[in-house]
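Geometric and topological summary
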There are 2 protein chains.
Amino acid sequence: MQQTDFDLSGFTPYLLNQAAEAQSVDFSSIYKNRYGMLRTEWRVLFHLGRYGPMSAKEISTLANIHKTKISRAVRALGEKQFLARETSGTDRRVEHLVLRPPGHEAFDYLVEAAAEHERALSRKLGKQNVKTLKLLLKALASRQ
Amino acid sequence: MQQTDFDLSGFTPYLLNQAAEAQSVDFSSIYKNRYGMLRTEWRVLFHLGRYGPMSAKEISTLANIHKTKISRAVRALGEKQFLARETSGTDRRVEHLVLRPPGHEAFDYLVEAAAEHERALSRKLGKQNVKTLKLLLKALASRQ
DNA sequence: TGCTTATGGTTACTTTTGTAACTAACAAGG
DNA sequence: CCTTGTTAGTTACAAAAGTAACCATAAGCA
């Protein structure tokens, strides 16, 4: 690749961003419009729905999200009555986060929407291509 | 894909974000640390270096970036002495943005860094895989 | 010309994110 | 117990991004 020929539209970080943004518009509009949720809120909700009650710290570690972002997302989800916070009996610094019925409903709805999103993607690119794409993305995400 | 089996780590928007973020850390740290630039500033600088002088509106259209983001990036680049603004002779609303020597230097340095970034990526994934990846990302970015 | 509408660009305001400092609780060693 | 060091979580402040309203100029047209 010659310097003078370098084209931003073929630059991987740029392409990744464009693709991520385009995909995000599709999906994030769902949890934004329907539940007024932010991305971190969706991710926190997802972890609680998928893996059951856990602490903010556990989500932070599992999902690799900074604790301040988790803290804000948890508060927001609490205000929406999507989860309850129960102080741990063994360590009073820790709060166990538990989904409440509205949280479960939102989780179910969003997981189905996500699955549909994946099916649409498969129809668009083909099953094999999606598989390849995911493999490559995982390789990129794991920083060596 | 069954709902109860749905795994966020295999969800395409999530994977895209993780990959984009990981790649971004690699490259954005260069223009951030070396020049104190933001992503939009780098993109504006790139367009001026690659395609020559043009107006904010032209960059906005070409790069698909909102005009307020362009406006802020242009001001920042001006403060860094990376570009000059010349009011158009034919339309006094328009300013032609022209790179100044420090801007050219930064452009050259960053384009070379970007090229090296791409080479490293090729070594990591293999040339063919990078090609495939880009094709798929472009398909995703073009919203149908 | 005079009126309306559109365009390039900036500014003001709000929302979101990043960073660092902070509180409260625990843990380990003396 | 007391000191020192950690850890879970929150808060405060600063940086950044999104949105909408706002100038100034230009363009279209009666």
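Residues numbered from 1 in each chain as written. Chains lettered and ligands numbered in written order. Predicted model: local features only at pLDDT ≥ 70, side-chain atom pairs only at ≥ 80, totals over all residues. Heavy atoms only, no water.

**Remarks on unusual backbone geometry**
If you check the backbone angles, N64 of chain A has positive phi at about 60° while not being a glycine. Relative to the helices and strands, N64 of chain A is located in the loop between α3 (56–63) and α4 (67–79). Even without being glycine, Q81 of chain B reaches a positive phi, approximately 65°. Mapping Q81 of chain B onto the fold places it in the loop between α4 (67–79) and β2 (83–87). (Helix = DSSP H or I, 4+ residues; strand = E, 2+ residues; numbered from the N terminus.)

**Looking at the protein's contact with DNA strand D**
Residue and element names in this part refer to chain A. Residues in close proximity to DNA strand D total 19 residues, the closest being K57, K67, S71, R85 and R93. The sugar-phosphate portion of DNA strand D accounts for 60% of its atoms within 4 Å of the protein, the bases making up the rest. Between DNA strand D and the protein, one listed contact pairs a phosphate oxygen with a backbone N or O atom of K57 at 2.5 Å. A distance of 2.7 Å separates a phosphate oxygen of DNA strand D from a polar atom in the side chain of S71. When residues in the surface near DNA strand D are grouped by element, the largest group, 5 residues, is from α4. Within the surface near DNA strand D, the residues separate by chemical class into 3 nonpolar, 4 polar and 12 charged. (Near = heavy atom within 4 Å. Polar contact = N/O pair within 3.5 Å; in protein donor to acceptor, adjacent residues only side chain to side chain. Nonpolar A, V, L, I, M, F, W, Y, C, P; charged D, E, K, R; others polar.)

**Things to note about the relation of the copies chain B and chain A**
One copy of the chain maps onto the other through a rotation about an axis plus a displacement along that axis. Taken as rigid bodies, chain B and chain A are interconverted by a rotation of 180° and an axial shift of 0.0 Å, the fit giving an RMSD of 0.0 Å. Given the turn and translation reported, the copies of this chain are related as if by a two-fold rotation axis. The share of interface residues of chain B whose copies in chain A are also at the interface is 98%, consistent with both copies meeting through the same surface. (Least-squares fit on C-alpha atoms with pLDDT ≥ 70 in both. Contact = heavy atoms within 4.5 Å.)

**Observations concerning the protein's contact with DNA strand C**
Taken together, 19 residues lie around DNA strand C, and R92 of chain A together with K57, K67, R85 and R93 of chain B are the ones closest in. The sugar-phosphate share of atoms of DNA strand C within 4 Å of the protein amounts to 60%. R72 of chain A is positioned with one of its side-chain polar atoms (N or O) 2.9 Å from a base nitrogen of DNA strand C. One nitrogen or oxygen atom from the side chain of R93 of chain B is found 2.5 Å from a base oxygen belonging to DNA strand C.

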